Amino acid sequence: MDLNELLQQAQRLSNETQMDTEMPRVERTLSQVLQATQELHARVTQAGTNDLQAHILLGSRGVDLPKLTQKLESLSARQSFEPLNPIADTDVEGYLKNERENAIIAVIEETNRNIFKSVERNKMRCIFAEWGEEKERLLNALVGPNQDDFPEVHRHMVPTVLPQSALPRSRLNRVEAMYAQEIKLYNQVHNQGTQRPNLLVQFTQVVKEQQNTFDNQIHEMWSVLSYMANVTPLSRSADPIKSRQTGAPFVQQALGYLEQCYKQYMNTVIQKNRLVGMRGGIPNVYNTVCSYVAITFQMPQSLIGLLDVSAGRPLWPLVYYSLRSGDLGAGVQFLKEGGVCVDLLKLLQHKHQIKQQQQQQQYQLGDQERPNAKLEGQLKLEYNNKLRVCTDPFKKAVYAIVLACDPHEPHQEVVRTIDDFLWMQLSVLCTDERPDYNIERLSYGGLQSLILEKYGENYFNAREKTPLYFQVLVLTGQFEAAIEFLARTDANRPHAVHMAIALNELNMLGTPSDVQKPLLSAEPTDPPPMRRLNLARLIIMYTKCFEQTDTVEALQYYYLLRHFKATDGRNLMMTCFCDMLVENCDDNMLLLIFGEPDPNDPWRYIGGIFAQFPNMEHDKYTLAGMVGDELSDRTKFEAAIRLYFIGGQMDKALRLLCSLLTQVVHQPTRQGSIREQLTAVSERMNQSLARRKMDVDEHVMRTYTMLSQLLKFFDYYHAGESRLAVEILTKNRITPNTSAEVDECVSSLKLVGSDIIKVLPDVLLAAMDLIYAEYLEVKASAGGSGGGSSSGVAAAASAPDDTAGQAGDGKEELLMHLRGRAKALTNMAATLPYRMPSDTNNRLVQLEILMH
C-alpha cells in the first residue's frame, strides 16, 4: 500500500467519524504527533529516571523543584570569612601569604567588634539621657502650683461632734440585723413563759414583708421549707431523722407543694392565652385542665400518637394534668366521660376516697386496701404487657402514677422540668410495706440517694442554680444537706443559719451527739443517705464574726444552745459565754453581762443581760466561776479573782490571792508593778469581806489575814517606819520577842497555810534587820554625849522611864532586850519544822553574833 492509498483511507475514516454535535478535533497531523512524541522521549531520557522520580515526589508534596533549584543556586556560599586552605610546611611563599591575609582578617574583625560596641554604648547613653529628661519633666509636673497661678481658696472649718463613748462599728449587715432582731424577740417571748411562736413561719413572714431586702429566690426557699415543715410537731424525745424516714407526711407535703406550683403555672399560661383557652364555668381544677389542654394541643400535629381523642380533645393528657394538679376527682370525672379503662377508673376512685378520708383524718391504713389488690395486680400486668410500648406517653404516665410502679421509666415526653421529674418520682414511691414481686418499686430512701449521691451537685449545676438544688433537697426531706449546701457561700450563710435554728426549735433538725463533729456527718444507726447537721458549730462559726462588736446579739444566739452539751459535759451555752468573756474581760463587758456594781459592795453586780435568761441550773454566778477558772488557767489572775468574787466563790478568790501575795509581799512597792496591783485588789477585798466572811474556810481566811498584815509590814519596812512595822509583828504574834514566845509563834504558824511558810524567811530577815538597826542606834547613843533618847520601838519594849541617874543602866537593859529578841528569832528559825534556806540561817546567826 503506497502513501496515497494510506492518505485516502485516513480521510475516509475521518469523514465516517464526523457527528452532528460539535466535538473537539485534533489540531496536529500524524507527523506532528510523531515529532512531539520523539522530543518528549528524548527529554525524559536525557533527564534520567532519578530526576523524574524526584520531580514526581516533590510535586506531590507541593514543592516546585525548578524554582527551588534556582533559589539554591542564587545563594552565595561565601557569606562570612572562611578559613584559608591549608598549605604544605615547605611552601614559604604560601605561608607568608596566609599570615598576611590572616592579619588583615583579624584587623577587620576587631574593627567590626569595636564598631558594634561603640554603637551600643552610644545608644544606651542616649536612652538614659532621654529617660533622665523625662523623669525631670514628670517630677516638675508633680510640684505644687504657684499661688500666683491659681486663685486663693478659702478653707472652711467644719465642726465635728464626737460621741461621748466611741462604740465599735457593727459588723452585722441589714439582713443579719433583721434576723438578729427576730431571734431577740423570740427569746424574750420564750423567757416570759408564754407560748412560743413558730419561728419558721415568723422568718418566712419577715422575708415576705421585706421584699426590698430579700429577692424572690430567697422567699421561695423559705416558702418551700415552711411548707415542708408544716406537719404534726414531733416530741422532744423523738429522733427527727428516723421519724422523717418512717412517716409519709413529708412525701404528701412535697407532692402538695409541687401540685400547687403547677396549678399556678397553668393559670399563668391560661391568662396569657385567654382566647384559645376559653376558660369558663366554675373555677376548679377540671375547667383549668380543660383550658390548659386546649392551649397545649391546639395544633393538629400535637395530637399525633395520642389515644382516645374525641372532638380534638385527648383524654389521657386531661387525666394526667388532673393528677399533676393533685385533683384525683377531676381525673375520675375525665375517665367517666371517656368511658374507657373501667378497671383503672375503679382503682382511681378508690384512691380518691382514701385521700378524702386522710384529709378528714378518718382513714386508718388497714384492710380497706385489700379488696383492690387483685385489681391492682391485673392493671400492673396490663402495663407490663401492653403499655410499655404504648404510643401515648400520657396514658403510660397515668398508669405508672396510679399503680406507683416503673420508677426508672424517664417519661421524657411528659416530664420536662425538674419539678415534673421530682413529682413523678414522689408519685411512684412505695408507701406501704407489702412486697411486690411483679414490678420494681422505689422507696423514700432510694429517692433521696438518687438525688444526693447519684445525681448530686454537678447534675443540677448547683453552683449556679443554688435555689433549685436547695428546693430539690428540701422536697425530698433532706433538710440537713440542703442547709449545709446553702451555708457554703457567704451570701446565703445567714439564711442557712436561721433555717437551721427554726427547724431545731421545731425538733425537725437532726443534730449529732458530739458537738465536735464536722458540719455534716452521719451516725452509724442513721438510714442512708441521711446526714446530721452540727447546729452548734454552725451557730458558733456565724457569731464569732460579730461577737466582739455586737455582743448582745451574739449572746442571744448562744442562748439557743442551752440544750446542747460540750465535750467536757458542761452546758454549751455557758461554755460559749465563758469563752467570750475570757477573750474580752474588761469593765464594759462585765457591766454588760453582770450588770452595774452594787454601791454597798463593789464586787457585787446587779442586773445585766444575763438576767434576761432565767435558768435555775445556770445563773450568772455559775458563769462567773467558770470564767474565773478559765482565766486562772491562762494566768490572768487579777481578772480571775474579780470573777470569783462576782460569782460568790470567795474561797477560790482568797486562795488565788494568797498564792499571788506570797510571791510579791516582800518586794518594795513600785509604780505599775504587780505588787501595787495586788495591793489595790487586797484593799477592795478587805472592804467586802465583812459581808462574806462566813462563806470562806477558816484556814484560808487566817492565811489571807496574816498575808495582808505582812503586806502592811513590808510597806512600813521599806518606808523606814520601823516602829509601825514592829507593832504589826508584835500584834499578830508573827515573830517572838523573847525565847519563851517561840513555841507560841511556831504553833500559830502551823494553823496557817504553806503560803506563809514561803514568805517566812523574808519576814525573819526583815525583823532581824530592824532589831540590828535599833541595836546600832542605841549603842551609838550610849557611846556619845549621854544625851538623846531611844527610838519609839525601844521605848515600847524597854522598862518605864528611869531617873536621870539610872540612864546608863536603862540603855544596857535595852541592849540586852534587843539581844534577847535576836536570840528568839534564831531559835524560831531553828525550831520550825520546815527547812529554812541556808542563807537565811547564816544571815540570822551573823547578825546575832554582831550584837554580842
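A quick note: this is a predicted structure, and the numbers were derived from the prediction, not measured.

### A few points about the overall build of the protein
Item 1. Each helix and strand counted, the protein has 37 helices and 6 strands in total.
Item 2. A total of 852 residues make up the protein; the buried ones form 39% of that total.
Item 3. In the protein, once contacts between residues fewer than 6 apart in sequence are set aside, the share between residues at least 24 apart is 62%.
Item 4. Summed over its atoms, the accessible surface of the protein is roughly 50500 Å², and 52% of this surface lies on carbon and sulfur atoms.

### Some words on the packing of aromatic side chains
Item 1. The full count for this structure, using the stated rule, is 31 aromatic pairs.
Item 2. Taking the centre distance of 4.4 Å and the plane angle of 20° together, the rings of Tyr286 and Phe334 count as stacked. Within this pair, whereas Tyr286 is found in helix 12 (residues 285-296), its partner Phe334 is found in helix 14 (residues 328-338), the two being separated by 48 residues in sequence. Judged on exposure class, the residue Tyr286 and its partner Phe334 are both buried.
Item 3. Between Tyr455 and Phe460 the ring centres are 6.4 Å apart and the planes differ by 80°, which places this aromatic pair in the edge-to-face class.
Item 4. In this arrangement the basic side chain of Arg562 is found over the ring face of Tyr559, its NZ or CZ atom lying 4.3 Å from the centre.

### As for the environment of Ser688
Item 1. Inspection of the secondary structure puts Ser688 in helix 30 (residues 674-692).
Item 2. By relative accessible area, Ser688 is classed as buried at 3%.
Item 3. Each C-alpha atom, one on Ser688 and one on Asn600, is 8.8 Å from the other, the two residues being 88 residues apart in sequence.

### Comments concerning the environment of Leu348
Item 1. Locating Leu348 in the fold gives a position in helix 15 (residues 342-359).
Item 2. Placed 54 residues apart in sequence, Leu348 and Val402 show a C-alpha to C-alpha distance of 6.8 Å.
Item 3. In this view, Leu348 contacts Leu323, Leu328, Gly331, Val332, Leu335 and Val402; residues no more than four positions away in its chain are not counted.

### Comments concerning the pattern of salt bridges
Item 1. Across all of its chains, the model carries 29 salt bridges by this definition.
Item 2. Of the charged contacts, one joins Glu505 and Arg196 as a salt bridge, the two residues approaching to 3.1 Å between their closest N and O atoms. With Glu505 in helix 22 (residues 493-505) and Arg196 in the loop between helix 6 (174-191) and helix 7 (199-209), this residue pair connects regions lying 309 residues apart in the sequence.
Item 3. The shortest N-O distance in the salt bridge between Asp526 and Arg532 comes to 2.8 Å. Residues Asp526 and Arg532 agree in their burial class; the two are buried.
Item 4. Here the salt bridges share partners, and the residues they tie into one network are Asp239, Asp526 and Arg532.

### Focus: unusual backbone geometry
Item 1. Pro528 connects to Pro529 through a cis peptide bond whose omega is 0°.
Item 2. Secondary-structure assignment places Pro529 in the loop between strand 3 (520-521) and strand 4 (532-533).
Item 3. Non-glycine residue Asp308 carries a positive phi angle of around 55°.
Item 4. Non-glycine residue Ala404 carries a positive phi angle of around 55°.
Item 5. The residue Ala404 is located in the loop between helix 17 (393-403) and helix 18 (418-427) in this model.

### Thoughts on empty space enclosed by the protein
Item 1. For the coordinates displayed, the defined rule picks out 2 cavities of 30 Å³ or more.
Item 2. Of the pockets and cavities examined, the largest cavity occupies roughly 70 Å³.
Item 3. Contributing to the lining of the largest cavity are Val726, Leu729, Thr730, Thr735, Pro736, Asn737, Ala767, Leu770, Ile771, Arg821 and Leu825.
Item 4. For the lining of the largest cavity, the secondary-structure elements that each account for two or more residues are helix 32 (722-731), helix 34 (754-782) and helix 36 (807-831).

### Points about the layout of surface pockets
Item 1. Space inside the second largest pocket adds up to approximately 690 Å³.
Item 2. Here the lining of the second largest pocket is composed, by residue class, of 13 nonpolar, 6 polar and 6 charged.

### Quick notes on helix 22
Side chains three or four residues apart in an α-helix point the same way, a direct result of the helix having 3.6 residues per turn.
Item 1. Taking 1.5 Å per residue, 13 residues should reach 18 Å; helix 22 reaches 19 Å between its end C-alpha atoms and fits that length.
Item 2. Every buried residue belonging to helix 22 is among Pro494, His495, Ala496, Val497, His498, Met499, Ala500, Ile501, Ala502, Leu503, Asn504 and Glu505, and all of these are buried.
Item 3. Positive phi shows up at Asn507, right after helix 22, with a value of about 60°.

### Focus on the state of the cysteines
Item 1. By the definition in use, this model includes 0 disulfides.
Item 2. The cysteine Cys576 is free of any disulfide, with Cys578 supplying the nearest cysteine sulfur at 9.8 Å.
Item 3. Overall, the relative accessible area of 7% leaves Cys576 in the buried class.

### Quick word on the side chain of Lys395
Item 1. Turning to its location among the elements, Lys395 is positioned in helix 17.
Item 2. One buried charge, Lys395, has no salt-bridge partner; the nearest side chain with opposite charge is Asp308, at 4.8 Å.
Item 3. The contacts of Lys395, once residues within four sequence positions are left out, are Leu307, Trp316, Cys341, Leu387 and Cys390.

### Describing the side chain of His498
Item 1. Its place among the elements puts His498 in helix 22.
Item 2. Apart from the residues lying within four places of it in its own chain, the contact partners of His498 are Tyr179, Ala180, Ile183, Phe203, Trp222, Tyr542 and Tyr557.

### A short note on a nonpolar patch on the surface
Item 1. A grouping of Val63, Leu68 and Leu72 is seen on the molecular surface, where their side chains present a nonpolar patch of about 240 Å² in accessible area.
Item 2. You can see Leu68 is positioned in helix 4 (residues 65-74).
Item 3. Under the relative-accessibility criterion, Leu68 is labelled partly exposed at 36%.

### Side note on helix 28 (residues 637-646)
Item 1. Of all the positions in helix 28, only Ala640, Ile641, Leu643, Tyr644, Phe645 and Ile646 are classed as buried.
Item 2. Of the residues one or two after helix 28, Gly648 is the one with positive phi, at around 75°.

### Details of the confidence of the model for the protein
Item 1. Confidence along the protein averages 82 in pLDDT terms, with 84% of residues attaining 70 or more.
Item 2. Below pLDDT 50 for its whole length, residues 362-371 participates in 12 contacts with residues either more than four positions away or in separate chains.
Item 3. Within the model, the stretch residues 785-805 combines pLDDT values under 50 with 21 contacts to residues more than four positions away or in other chains.

### Brief notes about the packing of helix 10 (residues 249-272) against helix 18
Item 1. Closest axis-to-axis distance for the helix 10/helix 18 pair is 10 Å, and the angle between their directions is 140°. In the crossing of helix 10 with helix 18, the sense of the turn from one axis to the other is left-handed. Between helix 10 and helix 18, the contacting residues are Val251, Ala254, Leu255, Leu258, Glu259 and Tyr262 on the first element and Asp419, Asp420, Leu422, Trp423, Leu426 and Ser427 on the second.
Item 2. Here the residues of the contact of helix 10 with helix 18 sort into 8 nonpolar, 1 polar and 3 charged.

### Description of the packing of helix 24 (residues 551-559) against helix 25 (residues 572-583)
Item 1. Relative to each other, helix 24 and helix 25 sit at 155°, their axes nearing to 9 Å. Between helix 24 and helix 25, the angle falls in the class roughly antiparallel. Judged by the sense of rotation from one axis to the other, the crossing of helix 24 with helix 25 is right-handed. Contacts from Thr551, Leu555, Tyr558 and Tyr559 in helix 24 reach Met573, Cys576, Phe577 and Met580 in helix 25.
Item 2. Taken together, the residues that form the contact of helix 24 with helix 25 break down as 7 nonpolar, 1 polar and no charged.

Procedures and definitions
Residues numbered from 1 in each chain as written. Predicted model: local features only at pLDDT ≥ 70, side-chain atom pairs only at ≥ 80, totals over all residues. Heavy atoms only, no water. Helix = DSSP H or I, 4+ residues; strand = E, 2+ residues; numbered from the N terminus. Buried < 20%, exposed > 50% of the residue type's maximum accessible area, 1.4 Å probe, protein only. Contact = heavy atoms within 4.5 Å. Areas by Shrake-Rupley, 256 points an atom, 1.4 Å probe, with all protein chains shown as cover. Phe/Tyr/Trp six-rings, centres within 6.5 Å; stacked < 30°, edge-to-face > 60°. Lys NZ or Arg CZ within 6 Å of the ring centre and 35° of its normal. Salt bridge = Lys/Arg side-chain N within 4 Å of Asp/Glu carboxyl O. 1 Å grid on protein atoms, 1.4 Å probe; cavity = no way out; pocket = protein on both sides within 12 Å on 5 of 7 lines; lining within 4 Å. Points joined across faces, edges and corners; volume = space filled by probe spheres on them. Nonpolar A, V, L, I, M, F, W, Y, C, P; charged D, E, K, R; others polar. Expected span 1.5 Å × (residues − 1). Disulfide = S-S within 2.5 Å. Lys, Arg positive; Asp, Glu negative; His and termini not counted. Patch = residues over 30% accessible without salt bridge, like charges linked within 9 Å, V, L, I, M, F, W, Y side chains within 5 Å. pLDDT = per-residue confidence, 0-100. Axes fitted to C-alpha atoms, helices over the stretch in contact; angles between N-to-C directions. Left-handed = near helix turned anticlockwise from the far one by under 90°. Parallel < 35°, antiparallel > 145°, perpendicular 65-115°, else oblique.

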